[in-house]
Amino acid sequence: MNKTTQQEEATRFSLDYLHYFLQQEGIVERMVDRKFSQLEPQIDQLIEQKIIQHMQNLSNNK
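These notes cover the structure that comes with them.

So, how was this worked out
Within any chain, residue numbers begin from 1 and follow the written order of that chain's sequence. In keeping with the predicted nature of the model, local features appear solely for residues at pLDDT of at least 70, side-chain atom pairs appear and are counted solely at 80 or more, and the whole-chain, interface and lining totals rest on all residues. To obtain the side-chain values, all non-hydrogen atoms of the structure were included, while hydrogens and water were left out. By definition, any uninterrupted DSSP run of H or I lasting at least four residues is a helix, any uninterrupted run of E lasting at least two residues is a strand, and each is numbered from the N terminus. The globule rule used here is 2.2 Å times the number of residues to the 0.38 power, and the radius of gyration it is set against is calculated over C-alpha atoms. Each residue's exposure class comes from its accessible area (1.4 Å probe, protein chains only) as a fraction of the maximum for that residue type: buried when under 20%, exposed when over 50%, partly exposed otherwise. Reported accessibility uses the Shrake-Rupley method at a 1.4 Å probe radius. Residues are deemed covered only where the shown protein chains occlude them. Residues with no salt bridge and a relative accessible area higher than 30% make up the patches, which join like charges within 9 Å and nonpolar side chains (Val, Leu, Ile, Met, Phe, Trp, Tyr) within 5 Å. One side-chain nitrogen of Lys or Arg within 4 Å of one carboxyl oxygen of Asp or Glu is enough to make a salt bridge.

### With respect to the overall build of the protein
Then step 1. When you go through the protein residue by residue, the secondary structure sums to one helix and zero strands.
Then step 2. Taking 2.2 N^0.38 as the reference for a compact globule, 62 residues should give roughly 11 Å; the C-alpha atoms of the protein span a radius of gyration of 26 Å, well beyond that estimate.
Then step 3. Projected onto its principal axes, the C-alpha coordinates of the protein cover approximately 80 × 25 × 10 Å.
Then step 4. Within the span of the protein, comprising 62 residues, buried residues form 2% of the whole.
Then step 5. Carbon together with sulfur atoms contributes 57% to the accessible area of the protein, which is approximately 6,300 Å² in total.

### Overview of the environment of Leu 22
Then step 1. In this structure, Leu 22 sits in helix 1 (residues 5-60).
Then step 2. Remark: the alpha-carbon pair of Leu 22 and Gln 49, spanning 27 residues in sequence, is separated by 39 Å.

### A few points about a nonpolar patch on the surface
Then step 1. A contiguous nonpolar surface patch, about 780 Å² in accessible area, is contributed by Phe 13, Leu 15, Tyr 17, Leu 18, Tyr 20, Phe 21 and Leu 22.
Then step 2. Within the secondary structure layout, Leu 15 lies in helix 1.

As structure tokens, this is what we get:
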């Protein structure tokens, strides 16, 4: 069974859109990775502060 021209165009469009979507996904992933690496030191510092505060609260409640 031969594909009609319309079916071939629909298939090509779908594949082109998939390719575009995968490129966009890669761009977003790189942006998120870059932002996370920028924020990672601040996140680590906040976690450390919260641990210290929690430990101090435990000590004060005894």
